[in-house]
2 protein chains.
Amino acid sequence: MDTLHRALAALDHHECLALLASVPVGQVVFNARALPEILPVNFRVDGDSVVLSVASGSVLARVSDGTVLAFHADRVDETSRTGWSVTVVGRVSEVTDEAERARIRALPLQSWTSDERDHVLRISAERVTGRRLA
Amino acid sequence: MDTLHRALAALDHHECLALLASVPVGQVVFNARALPEILPVNFRVDGDSVVLSVASGSVLARVSDGTVLAFHADRVDETSRTGWSVTVVGRVSEVTDEAERARIRALPLQSWTSDERDHVLRISAERVTGRRLA
């Protein structure tokens with residue numbers, strides 16, 4: 001067994017966001033009842049942030065604006081053991097402006113719900129780190 | 001966009017560990033300098049715990065015994081949007097007993113290092129949660 005980041009090349013902000021933009025699924029990491037929760041989510045990179053849509057009943061829908069969340073995505077090729085890992089840490093805010101919600105919900109995506117009760121959340125990319133894995 | 005856990009079936013402890021045992025890579029989630037860090041790692045399920053090996057220079061190698069870590073793995077089929085997500089939260093301990101280290105380092109694995117300086121860490125599966133995604 002080996003820590004996959006043994007031989008790393010650090011990625012810059014731009015490379016990190018470009019890699020994130022190449023995959024549709026990542027994980028949001030946050031604290032709920034003092035324990036870490038990790039939730040897979042569909043997302044999009046939108047400028048200098050990550051946007052995602054959560055169902056009204058989701059624990060993520062109850063997170064207060066300004067809460068710091070981490071978002072992570074990676075690609076690891078299990079055979080060649082190459083890939084990358086990117087983490088974005090930043091404050092979350094709910095997108096409430098109707099025009100902005102509509103714009104985000106119109107971003108091209110594999111899967112889309114038409115549930116208007118969904119909350120659109122934005123995680124600002126305040127701290128972006130990433131590594132190539134080898 | 002949709003929270004992938006919109007339509008969930010909760011998995012029990014046994015199912016969670018069985019799913020984890022079916023994949024070689026997951027992420028360790030912990031706090032470093034008050035910010036969340038997410039590191040992809042190779043791992044194995046060993047009884048009621050997750051075991052992994054980290055390089056001496058890794059930030060994970062410096063985490064004190066008893067620190068609570070979260071470990072996560074998932075499989076998401078991006079086309080059918082099905083899959084699963086499992087999180088294990090528990091205290092980490094370094095495995096220092098030589099016989100136990102040797103046994104763990106002999107567990108069948110795709111990739112193996114012979115670096116004897118590596119630290120073997122065990123995360124006890126104190127809180128195991130998982131969901132089917134649909």
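Residues numbered from 1 in each chain as written. Chains lettered and ligands numbered in written order. Predicted model: local features only at pLDDT ≥ 70, side-chain atom pairs only at ≥ 80, totals over all residues. Heavy atoms only, no water.

- An unreviewed UniProt entry lists chain A under the name Flavin-nucleotide-binding protein, from Cryptosporangium arvum DSM 44712.

Some thoughts on the overall build of chain A
Here's step 1: For chain A, the count of helices and strands is two helices and nine strands.
Here's step 2: Secondary structure of chain A in N-to-C order comes out as β-α-β-β-β-β-β-β-α-β-β.
Here's step 3: Within chain A, the proportion of its 134 residues that are buried is 56%.
Here's step 4: Within chain A, contacts between residues at least 6 apart in sequence are counted, and of these 65% link residues at least 24 apart.
Here's step 5: On chain A, roughly 5,800 Å² of surface is accessible, and the fraction owed to carbon and sulfur atoms is 51%. (Helix = DSSP H or I, 4+ residues; strand = E, 2+ residues; numbered from the N terminus. Buried < 20%, exposed > 50% of the residue type's maximum accessible area, 1.4 Å probe, protein only. Contact = heavy atoms within 4.5 Å. Areas by Shrake-Rupley, 256 points an atom, 1.4 Å probe, with all protein chains shown as cover.)

What about the pattern of salt bridges?
All names here are of chain B.
Here's step 1: Evaluation of the coordinates by the stated rule reveals 12 salt bridges over all chains.
Here's step 2: Of the charged contacts in the structure, one is a salt bridge between arginine 91 and glutamate 126, with a shortest N-O distance of 2.9 Å. With arginine 91 in strand β7 (residues 82–94) and glutamate 126 in the loop between β8 (119–124) and β9 (127–133), the pair connects residues that are 35 residues apart, well separated along the chain.
Here's step 3: The exposure class of arginine 91 is partly exposed, given its relative accessible area of 46%. (Salt bridge = Lys/Arg side-chain N within 4 Å of Asp/Glu carboxyl O.)

Structural notes on the side chain of histidine 72 of chain A
Here's step 1: By the element assignment, histidine 72 of chain A lies in strand β6 (residues 68–77).
Here's step 2: According to the relative accessible area criterion, histidine 72 of chain A is buried, its value standing at 0%.
Here's step 3: One polar contact links histidine 72 of chain A to aspartate 74 of chain A, side chain to side chain, over a distance of 3.4 Å.
Here's step 4: For histidine 72 of chain A, the side chain forms a polar contact with the side chain of serine 85 of chain A, separated by 3.1 Å.
Here's step 5: Histidine 72 of chain A has contacts with Gly26, Gln27, Ser85, Val86 and Thr87 of chain A together with Gln27 and Ile38 of chain B, leaving out every residue within four places of it along the chain. (Polar contact = N/O pair within 3.5 Å; in protein donor to acceptor, adjacent residues only side chain to side chain.)

Quick look at helix α1 (residues 13–20) of chain B
Residues and elements named next belong to chain B.
Here's step 1: Buried within α1 are the following residues: Cys16, Leu17, Leu19 and Leu20. Buried residues in α1, looked at end-on, bunch into an arc of 160°, giving them a common side.
Here's step 2: Residues of α1 that are buried in the fold lie against β4 (44–45), β5 (49–54), β6 (68–77), β7 and β9.
Here's step 3: Among the residues of α1, the N-terminal cap falls to aspartate 12, whose side-chain oxygen and the backbone nitrogen of histidine 14 are separated by 3.2 Å. (Arc of directions from axis to C-beta.)

Observations concerning the pairing of β6 of chain B
Residue and element names in this part refer to chain B.
Here's step 1: Buried residues dominate β6, accounting for seven of its 10 residues.
Here's step 2: Pairing analysis gives three bridges linking strand β2 (residues 25–32) to β6, with the strands arranged antiparallel. Looking at the pairing, valine 28 lines up with phenylalanine 71 of β6.
Here's step 3: As paired strands, β6 and β7 are joined by 10 bridges and run antiparallel to one another. Bridge pairing links histidine 72 to threonine 87 in β7.
Here's step 4: What sits between the antiparallel neighbours β6 and β7 is a turn of four residues, in which arginine 81 has the positive phi angle 55°. (Pairing = 2+ DSSP bridges.)

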